[in-house]
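Observations on the three-dimensional arrangement
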Amino acid sequence: MLNRGKVVLFYPPYDGPPLGAPLCLLSLAGVLREAEFNVVMIDAVIEPAYLERLVIESRDALCVGISVLTGPMIRGAIEAASRIKRESPHVCVIFGGWHPTLCPEETLREPFVDIVVRGQGEITLTEVAVALANKGPLDLIPGISWKKGGRLVQNYDRRVQPMDTFAAPAFDLTDFDAYERATGERKLAYATSVGCPYACNYCTDMVVYKRKFNAYEADRVVSELTGLVERYRIEEVALLDSNFPVDLKRAIAIASGIRDSGVKFRWTFQASTDFICRMSQEDVQLLADSGVTHIGFGTESTSEAVLKLMNKRHQRVNEMYETARKTALAGIRVIFNLIFGYPGETEADRIITFQTMSDIGRQFRNVRFSPNIFTPYPGIPIWPQLRELGVHEPKSLLEWMDMPLGANLLPWLRGAELARLNRMLDYFLLQNQLNRQGKSESPLTSLMRVVVQAPIRWRLHSSNYSFPWELWLTHLSERIVRRRSLVTGVELPKESANAC
């Protein structure tokens, strides 16, 4: 086979546990290989000496593609690109992924970036690689920003292409044994679709995919997933879809196909509660029977006023209860993600959310919560309003680098108000931890739970958080239980070990 040249793809280090091989690079690699390029993939998660390998592989490469997310991941991207340019200045360095797509001009201003690939990168990066191999022009390649004679040039956008027109991701390039050593299990990141039909004001998905749901057919998903699981002995598949069950008939067909295949594995996905509510109880049970163990939901708030500000008109509080009920009956654990500090939110709105979510957590033991402070990521629709409210908008890669998820950049959430929100969160999380504890808890923990549960419910109902003796007592009991476990050598149950 004709080899047009080498393309190096790099995934920088990032915060948080790895899901497995980066699907974005595997998807690029599949299309590049179909176009007869030699692809080398380097993931910092499993490459301790990734910089040294990058330097070596880049020397004879046409280009190096680096995928970047907003936040601390930028640090590794800058370090890698700068090193490549010092060692091999002739090599074209290309940045792609969510952050360069949303901030192409800022990214391209950096001296170590030659080209930015915006949006879907499969076809765009391949066309760039062909142009570099043939020493051809870049002027007519849609979807890129680049430098020409010292000027920053932004070519017109590329239309989003149907997913099923691309070559399959190059899963065979993955060293699953190395990822198992890094994570402790054999996991696979996979996407059956991109895009979401909703237009939440804090979300970047709508900016890139224009509210278009773009998906594989159910038969392809079932065939490909079960084949990958059997071939590579996969234990868990994490779907990266923004909103998996948008097409309910397709979602049910996928679950049915997986169940009927007899191939056993766990799988997880993200969704909005309205779609689960449109499923029958039998359909939700089918999800569980096919191996679904967890579902994540962007519930965000239970205040109608805040949901309206977020443009989440599809989100209804009664459907949160119904989703919790249906998944509990099916034995599926769920996480309700929450956002606090959204512009326009009042303390009264927060109290509504804490009270409602506390009630859900008390009724349904399968529900967990993931609260976050609102983070203004690049490109979201409400940036004009945020600027008026005094939010500083980063203007360079270095500034965006210091913005991890949950960082509080909000001028309206400071001092006493922030302290009060944190106290409310402490009580909310403590109550839900106590709701989850069961038969395996220590006698001291059991006594502590009996003593503090009623006062905690009163605090969340009355919004009175002065003199937090329940928090002090809980932390003291945890220290005692931990000390006893160290002395006796008895391992703590996981629920008891997780302090809130």
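In this section: the layout of surface pockets. In this structure, the second largest pocket occupies an estimated 410 Å³ of space. Thr 101, Asp 157, Val 207, Val 208 and Lys 210 are, among the 18 residues lining the second largest pocket, the residues nearest its centre. At the level of secondary structure, the elements contributing two or more residues to the lining of the second largest pocket comprise α4 (98–102) and α8 (205–209). Broken down by element, the lining of the second largest pocket gets its largest block of residues, three residues, from α8. Class assignment of the residues belonging to the lining of the second largest pocket gives a composition of six nonpolar, six polar and six charged.

By the secondary structure assignment, Lys 85 is in helix α3 (residues 73–87). A residue is classified by how much of its surface remains accessible, and Lys 85, at 18% relative accessible area, is buried. The residues contacting Lys 85, other than those within four sequence positions of it, are Val 91, Val 93, Phe 112 and Asp 114.

The next thing to look at is the packing of aromatic side chains. Scanning all chains against the criterion turns up 19 aromatic pairs. With centroids separated by 5.6 Å and ring planes inclined at 25 degrees, the aromatic side chains of Phe 10 and Tyr 50 adopt a geometry described as stacked. Taken together, the residues span a long stretch of sequence, with Phe 10 in strand β1 (residues 6–11) and Tyr 50 in helix α2 (residues 50–58) at a distance of 40 residues. A relative accessible area of 14% means that Tyr 50 is categorised as buried. Ring geometry for Phe 340 against Phe 354: centres 4.8 Å apart, planes inclined by 15 degrees, an arrangement best described as stacked. One end of the pair, Phe 340, is in strand β14 (residues 333–340); the other, Phe 354, is in helix α15 (residues 347–363), with 14 residues separating them in the sequence.

Let's shift gears to the packing of helix α12 (residues 281–290) against helix α14 (residues 317–330). Close contact between α12 and α14 brings their axes to 9 Å; oriented N to C, the two are set at 50 degrees. Judged by the angle between their axes, α12 and α14 are oblique. Here α12 runs over α14; the crossing is right-handed. Touching Gln 281, Val 284, Gln 285 and Ala 288 of α12 are Arg 325, Lys 326, Thr 327, Leu 329 and Ala 330, all from α14.

Definitions and limits used
- Residues numbered from 1 in each chain as written.
- Predicted model: local features only at pLDDT ≥ 70, side-chain atom pairs only at ≥ 80, totals over all residues.
- Heavy atoms only, no water.
- 1 Å grid on protein atoms, 1.4 Å probe; cavity = no way out; pocket = protein on both sides within 12 Å on 5 of 7 lines; lining within 4 Å.
- Points joined across faces, edges and corners; volume = space filled by probe spheres on them.
- Helix = DSSP H or I, 4+ residues; strand = E, 2+ residues; numbered from the N terminus.
- Nonpolar A, V, L, I, M, F, W, Y, C, P; charged D, E, K, R; others polar.
- Buried < 20%, exposed > 50% of the residue type's maximum accessible area, 1.4 Å probe, protein only.
- Contact = heavy atoms within 4.5 Å.
- Phe/Tyr/Trp six-rings, centres within 6.5 Å; stacked < 30°, edge-to-face > 60°.
- Axes fitted to C-alpha atoms, helices over the stretch in contact; angles between N-to-C directions.
- Parallel < 35°, antiparallel > 145°, perpendicular 65-115°, else oblique.
- Left-handed = near helix turned anticlockwise from the far one by under 90°.

The analysis is restricted to geometry; functional conclusions fall outside its scope.
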